[in-house]
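# Per-entry structural report
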Amino acid sequence: EVSLLPPVYIAVVRQDQIVISLEEALIPLKDDLLRGDGITFITGPSKTADIELNLVKGVHGPKEVHIFLLMDDLGSSKPS
């Protein structure tokens, strides 16, 4: 099976990298998009039931997505 993504996708994301909208996510990618660079958005396992009405998962992406969210440490004081 050939895929752009591995069967299990693991992302490590800082809290400050999370955005509310797709439009906001595209802002830092503007130069890449103008150059014609390819960008892949990974939203999770795909599902389709159009093949003989059988539900098939993970046809166009990973079968599993795991996200590790690195939280800001709001409770500690910063060293001076």
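Since this is a predicted model, take the numbers as computed values, not measurements.

### A short note on the overall build of the chain
Looking only at helices and strands, the chain has 2 helices and 4 strands in total. The helix and strand sequence of the chain, counted from the amino end, reads β-α-α-β-β-β. Once local pairs closer than 6 in sequence are excluded, the contacts in the chain between residues at least 24 apart make up 51%. In the form shown here, the chain has an accessible surface area of approximately 7,200 Å², with 58% of it arising from carbon and sulfur atoms.

### Some words on a nonpolar patch on the surface
On the surface, V8, I10, V12, F68 and L70 cluster together into a nonpolar patch covering about 470 Å² of accessible area. Counting residues per element, the ones that place at least two in the nonpolar patch are β1 (8–14) and β4 (64–70). It is β1 that contributes the most residues to the nonpolar patch, 3 residues altogether. Considering the arrangement of structural elements, one finds V8 in strand β1. Judged by relative accessible area, which is 37%, V8 ranks as partly exposed.

### A word on the confidence of the model for the chain
Taken over all residues, the pLDDT of the chain has a mean of 77, while the share at 70 or more is 69%. Considering each helix and strand of the chain separately, the mean pLDDT is smallest for strand β2 (residues 47–51), with a value of 68, and largest for helix α1 (residues 22–26), with 90.

### Looking at the environment of P62
Following the sequence through the fold, P62 ends up in the loop between β3 (54–57) and β4. The spatial distance from the C-alpha of P62 to the C-alpha of V8 is 5.4 Å, given a sequence separation of 54 residues.

### Focus: the environment of K63
Along the chain, the position of K63 falls in the loop between β3 and β4. The exposure class of K63 is partly exposed, given its relative accessible area of 48%. A sequence separation of 16 residues divides K63 from K47, and the C-alpha atoms of the two residues are 9.6 Å apart.

Calculation criteria
- Residues numbered from 1 in each chain as written.
- Predicted model: local features only at pLDDT ≥ 70, side-chain atom pairs only at ≥ 80, totals over all residues.
- Heavy atoms only, no water.
- Helix = DSSP H or I, 4+ residues; strand = E, 2+ residues; numbered from the N terminus.
- Contact = heavy atoms within 4.5 Å.
- Areas by Shrake-Rupley, 256 points an atom, 1.4 Å probe, with all protein chains shown as cover.
- Patch = residues over 30% accessible without salt bridge, like charges linked within 9 Å, V, L, I, M, F, W, Y side chains within 5 Å.
- Salt bridge = Lys/Arg side-chain N within 4 Å of Asp/Glu carboxyl O.
- Buried < 20%, exposed > 50% of the residue type's maximum accessible area, 1.4 Å probe, protein only.
- pLDDT = per-residue confidence, 0-100.

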